[in-house]
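What the coordinates show
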Amino acid sequence: MALVEDTADRKHNLLAARQAYYDRISKHDMAPLWERLRDLVANEPKTQCAPAIWRFRDVKAMVMESAELISAREAERRVLVLENPALRGQSRITQTLYAGLQLIMPGEIAPAHRHTASAIRFILDGNGAYTSVEGERTYMSPGDFVLTANWMTHDHGNTSNQPMIWLDVLDLPTVNFFESMFAEHLDEHRQTVRRQDGDSAAFFASGVLPDGAEVGALLSGKLSPVVNYTYARTRPILERLCKAGEVDRRHGARVRYVNPANGGWAMPTMGAQLALLPAGFAGERYRATDGTIFVCVEGEGATRIGDKEFAWAPGDVFVAPSWQYYSHTAGPDSVLFSISDRPAQEALGIWQESE
Ligand code: 1HN
């Protein structure tokens, strides 16, 4: 009996001594690793991020309302940030990616600027607004995937008679994590247009190259030369994949957006894909370490993420956190766009997937 008390006593003294020691070393900006190790090195990814969905039919009216309160010019970019419900206040949809819904009204301009963060636009609604990227002005339609890479000057405008809404995804949390953000504004609101709409895709993603093109830079480049991967070009390829029987059990008939010169991801920090889930598709479960943002482009279906089920329809944006199982089912033929930080994780050698 006495022995047990003695042990408990000694344990108590030891804990008190440790705590006193921790307090002392803390004053010198040091901490005991052994108290932290479990949090620092988990046996498998423990995501801070929650699965979530933003349904277009619920949020469109709120996005439209913002036009009555602020102009695109005053806002610089009139965007409602999609904040992961578990990461509120951090302007992010996953730990590494920012996402937002941007509205540009007829006649409006979003002024020219550039920054070290890379951006993509994925068009949800409206037709005929443009973005200009490094001298190429591209008019955009739903399903178009548009790149604004690191340090490329970009401005947007809407010369159509309808509002346009698109999804922006930027690697802002990643760039800010590395504390490597720079940004600058152009004197002119609109940059000079030096190329025809579609030049970059025609010149660099068509199986021919302009004679005299600098192939070396293209091949080694981490960056695709293409500005707009239009839905009109990509969608029929999904149909062909289906007909060719190339339907993945988990992902459907899927393509990735690449740098056409070398087959690598279109950008170094973010990787995007487009998938056709044939009518009645019941996908097998899958998980990977890249938390992934999905957008429904066509059709309707549902995605089970962890123990939650999210029904989706066109324009809906949803997010599957790192290492959580997900599986898709589709009603009619359905198209899902997806984007994640996979290229960054692959470059660092830390990306993993499992069934
Ligand atoms: C940006 O440049 C755009 O160009 C959209 O449309 C959203 C969010 C944070 C920083 C820069 C755009 C942005 C952004």
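Reading the values: the criteria
Residues numbered from 1 in each chain as written. Predicted model: local features only at pLDDT ≥ 70, side-chain atom pairs only at ≥ 80, totals over all residues. Heavy atoms only, no water. Helix = DSSP H or I, 4+ residues; strand = E, 2+ residues; numbered from the N terminus. Buried < 20%, exposed > 50% of the residue type's maximum accessible area, 1.4 Å probe, protein only. Contact = heavy atoms within 4.5 Å. Areas by Shrake-Rupley, 256 points an atom, 1.4 Å probe, with all protein chains shown as cover. 1 Å grid on protein atoms, 1.4 Å probe; cavity = no way out; pocket = protein on both sides within 12 Å on 5 of 7 lines; lining within 4 Å. Points joined across faces, edges and corners; volume = space filled by probe spheres on them. Nonpolar A, V, L, I, M, F, W, Y, C, P; charged D, E, K, R; others polar. Near = heavy atom within 4 Å. Polar contact = N/O pair within 3.5 Å; in protein donor to acceptor, adjacent residues only side chain to side chain. Pairing = 2+ DSSP bridges.

Turning our eyes to something else, we now look at the overall build of the protein. Summing up its helical and strand segments, the protein has nine helices and 22 strands in all. Taking the principal axes of its C-alpha atoms as reference, the protein extends roughly 90 × 50 × 50 Å. Considering the protein as a whole, with its 355 residues, one finds that 46% of them fall into the buried category. Sequence-distant contacts, at least 24 apart, represent 75% of the contacts inside the protein between residues at least 6 apart. With the model as given, the accessible surface of the protein reaches about 18300 Å², and the carbon-plus-sulfur share is 52%.

On inspection of all chains with the given rule, the structure shows three cavities of 30 Å³ or more. Quantified by volume, the largest cavity comes out at close to 140 Å³. Of the residues belonging to the lining of the largest cavity, the class tally is 11 nonpolar, nine polar and three charged. Roughly 70 Å³ of internal volume is contained in the second largest cavity. Every residue lining the second largest cavity is listed: His-251, Arg-254, Ala-275, Leu-277, Phe-294, His-328, Leu-336, Phe-337 and Ser-338. Within the residue set of the lining of the second largest cavity, elements represented by two or more residues are strand 14 (271–277) and strand 21 (334–340). Counted by class, the lining of the second largest cavity contains five nonpolar, three polar and one charged residues.

The next subject is the site of the ligand. In the vicinity of the ligand, the contacting residues are Arg-77, Tyr-98, Gln-102, His-113, His-115, Arg-121, His-154, His-156, Asp-168, Leu-170 and Leu-172. Between the ligand and the protein, one listed contact pairs an oxygen atom with a side-chain N or O atom of His-154 at 2.9 Å. Calculation on the ligand without its partners gives an accessible area of 330 Å², and the protein chains cover 85% of this total. When contributions to the shell around the ligand are tallied by element, the ones reaching two or more residues are strand 3 (98–104), strand 4 (109–115), strand 9 (154–158) and strand 10 (164–170). Among the residues forming the shell around the ligand, the class breakdown is three nonpolar, five polar and three charged.

Turning to the pairing of strand 20 (residues 326–330), a few remarks are in order. Judged by how many residues are buried, strand 20 sits mostly within the fold: four of five residues are covered. Pairing of strand 17 (residues 301–305) with strand 20 involves five bridges; the strand directions are antiparallel. Bridge pairing in strand 20 links Arg-304 to Ser-327.

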